[in-house]
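Understanding the architecture of this molecule
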Amino acid sequence: QDSETLRKKMKTDKQRRIYNGVIDFIAENGHSPTHTEITEMTGLRESTVNYCVQILEEMGELDVIRDEEGKSVSRGTYIPGMRDILKRYAKTVRL
């Protein structure tokens, strides 16, 4: 889907800030951010970040890895498909 469609789908500026922050963080660091790092990047409250991440997950815009109890794991917030890309990239590039 194109960025214009995604922009319309995301209802709030906070959702966009979180989504873009996750993309930027992964691009810069090679792994996903913690919710604390998302909070620091966006300047939003932790409860707001948690709520927006949940909404973005329900929309299919974020993937959240969960443990057996259903709790999100640290560094478990990804853009759909990005985990596979990072795994393939890690196999081909050795630093």
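Quick look at the structure, then. (Residues numbered from 1 in each chain as written. Predicted model: local features only at pLDDT ≥ 70, side-chain atom pairs only at ≥ 80, totals over all residues. Heavy atoms only, no water.)

**A word on the side chain of H35**
Keep this limit in mind: In this description a helix means any DSSP run of H or I spanning at least four residues, a strand means any run of E spanning at least two, and both kinds are numbered starting from the N terminus. For each residue, the accessible area found with a 1.4 Å probe, counting protein chains only, is set against the maximum for its type, and the residue is called buried under 20%, exposed over 50%, and partly exposed in between. Distance and chemistry together define a polar contact, namely a pair of N or O atoms within 3.5 Å, with one atom able to donate a hydrogen and the other to accept it when in protein, and with adjacent residues in sequence counting only for side-chain atoms on both sides. We call two residues contacting when some pair of their heavy atoms lies within 4.5 Å.
Its location among the elements puts H35 in helix 3 (residues 35-42). By relative accessible area, H35 is classed as buried at 18%. At 3.3 Å, the side chain of H35 and the side chain of T77 are in polar contact. Those residues within four positions of H35 in sequence are excluded, and the remaining contacts are V49, N50, V53, S72 and T77.

**A closer look at the side chain of T42**
Inspection of the secondary structure puts T42 in helix 3. For T42, a relative accessible area of 10% puts it in the buried group. In this structure the side chain of T42 is engaged in a polar contact, spanning 2.8 Å, whose partner is the backbone oxygen of I38. Contacts of T42, omitting those with residues within four sequence positions, involve R17, I18 and V49.

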